[in-house]
Amino acid sequence: MKLEQIEIPVTNPLLDDYLNGKSSLLSFFHYPNREESFSQRLKDLENHPIRRRQLVSIIRDFMEPLEISNKAEEHLRELEDQAVVIVGGQQSGLLTGPLYSVHKAISVILLAKEQRENLGVPVVPVFWIAGEDHDIDEINHTFTAVNGRLEKHIYGERSKKKTMASTTKLDVEITRKFINETFKQYGETAYTENLLAKIDAILLKSTTYTDFFVQIMNWLFKDEGLLFIDAANPKLREYESPYFEKLVQHAETIADVVTIREADLVEFGYGTPIGATKEAANLFYVKDGERFLLERHDGKFINHMANVQFTKSEMLELAKENPTCLSNNVVTRPLMQDMVFPVLAFIGGPGELAYWSTLKDAFETLEMKVPVFVPRMNMTIVDRQVQQILDELQISVADAIEGKTTTLKSSFENEVYDVSAKDAIEQTKQLLQTQYDGLQEHLSNSNVHLGKLVDKNLSIHESQLDFLMRKIEQEILLKYDVKIKKYRTIEDRILPGGGLQERTFNPFQFMNEYGEDLVKDMMALPFSMNGKHNAIFL
């Protein structure tokens, strides 16, 4: 395995401007995207109140079924003492969900190691699982690529309720079927049997989406001591009780300032990542396992679908006495993370950067600052077959990631295309048209009214010529099928469906070829969080 860091264009304007430190964007954050920001943030965290012993007890309790590694235990002890944390997170996807879940975890771990060394203080990696998210249709599937098209593998049926990932149960047999169908597309290798056995053992210990997700993630990262916490964990919700009170108390102000900030973001041409409104409560109410977004109207917190409404006093009472029935949204989750943890920095993708850009004044409302935001690393895994084809066709991995393989494939097809045959058929069609025009004129002059029949007859001849041309094309493409398939293989593996690999495949696509040490060996690569794209050659 080797690493090559390459420059590819950043297609997201907001991320591009953030990486380049554009001055107009600095006003949306408390700390610029620079190295000196970490030491300033560390200083600002000195007076940040954290109930460390209680927090560590909750994390340890959550991770107990995962077989806590020695490294994770060490990190827990450090967090209980004085450590600060690097936080990143993701939804509870099946088989980890898209590869960027793994890339986020790697980014969190590497930045924690880097800042531990730079600052000379304990810095601990934490993965915040968004187990409270209720859009199950976002996490109940994975993809494989087959001959230029993506095949979607879905667990069970479409979800009918808005139940949270951490309370949505998985059926063992249905999940097994989902996993086996996915692995069939990967093909049988020396590693397949052991991987399936390991995944199945984890499945048997899992009840919900979140159980399955965290068990697999801990398997992949336990040697690194990555700590996990689930946003929907009842004990964490109880711990968050005073923080929910703050969010309720300041709900109106938070909604106002986020709406204003988002309008500023629009002025700079970055769009509306949240769709903020001044009526938003930015909290969900959990009823019978389902989440319902609350809005504020006439001094009350309301959701008509759930048929609930609460006064502010009642909401404060809920926060105090029954915090498990409250849940954060995209606005309040970052605020909650910062109240729960001493967050040195947050690792996120382009979407998270967009909505974090609206939160500066919301943080200030709660007398906090936005942590240092660090964009996660982008990676593309290049398997042995693709590497061999890239070398043979003399295509760089950077060109492949930028989508130039499609252009090269089209050029090759045009190059081998039988232009002479096409010209001959076109000339035949033109000649027929001329002859049929003469026939139409003759019949018309002879007062014979068969115009529609003549047109239909001409159409039949033209259809036959088109059919002949398609057959010629098929024969030509079949003749050069081996080389065309090579272009298609690059497209399938590097840019499946025209998008980055990390947004489509899960890690088992590559573990099935490389073995279960894939992530462990990736962690040993000389990464640098410098904004470049990481090409990993197996």
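What counts and what doesn't
- Residues numbered from 1 in each chain as written.
- Predicted model: local features only at pLDDT ≥ 70, side-chain atom pairs only at ≥ 80, totals over all residues.
- Heavy atoms only, no water.
- Buried < 20%, exposed > 50% of the residue type's maximum accessible area, 1.4 Å probe, protein only.
- Helix = DSSP H or I, 4+ residues; strand = E, 2+ residues; numbered from the N terminus.
- Pairing = 2+ DSSP bridges.
- Axes fitted to C-alpha atoms, helices over the stretch in contact; angles between N-to-C directions.
- Polar contact = N/O pair within 3.5 Å; in protein donor to acceptor, adjacent residues only side chain to side chain.
- Contact = heavy atoms within 4.5 Å.
- Arc of directions from axis to C-beta.
- 1 Å grid on protein atoms, 1.4 Å probe; cavity = no way out; pocket = protein on both sides within 12 Å on 5 of 7 lines; lining within 4 Å.
- Points joined across faces, edges and corners; volume = space filled by probe spheres on them.
- Nonpolar A, V, L, I, M, F, W, Y, C, P; charged D, E, K, R; others polar.

(A) Seen up close, the pairing of strand S12 (residues 343-348). In terms of burial, S12 is largely enclosed, as six of its six residues are buried. Here S12 pairs with strand S13 (residues 372-375) via four bridges, running parallel. Across the sheet, Phe-346 pairs through a bridge with Phe-373, a residue of S13.

(B) Structural detail: the sheet that holds strand S14 (residues 378-382). In spatial order, the strands read S1-S15-S14; together these three strands make up an open sheet with mixed pairing. Of all strands in the sheet, those bounded by a partner on one side alone are strand S1 (2-6) and S14. Neighbour-to-neighbour, the strand axes of the sheet open up by a mean angle of 25°, direction not taken into account. Sheet topology places S1 next to strand S15 (residues 533-537); five bridges connect them, and they run antiparallel. Among the inter-strand pairings, Glu-4 is bridged to a residue of S15, identified as Ala-535.

(C) Examining the side chain of Gln-91 more closely. Tracing the backbone shows Gln-91 in the loop between strand S2 (84-90) and helix H6 (100-119). Side chain to side chain, Gln-91 and Glu-138 meet in a polar contact 2.8 Å long. Apart from the residues lying within four places of it in its own chain, the contact partners of Gln-91 are Ala-130, Asp-133, Glu-138, Ile-139 and Phe-213.

(D) Fine view of helix H3 (residues 36-44). The complete set of buried residues in H3 reads Ser-37, Phe-38 and Arg-41. Buried residues along H3 cover an arc of 100° about the axis, so they all sit on one side. Against H6, helix H14 (332-340), S12 and S13 lie the buried residues of H3.

(E) Looking closely at the layout of surface pockets. For the largest pocket, the calculated volume is near 830 Å³. For the largest pocket, the lining is made up of 37 residues, of which Leu-15, Leu-19, Arg-376, Asn-378 and Gly-531 are closest to its centre. Among the elements that take part in the lining of the largest pocket, S13 stands out by supplying three residues, more than any other. Classifying every residue of the lining of the largest pocket by side-chain character gives 17 nonpolar, eleven polar and nine charged.

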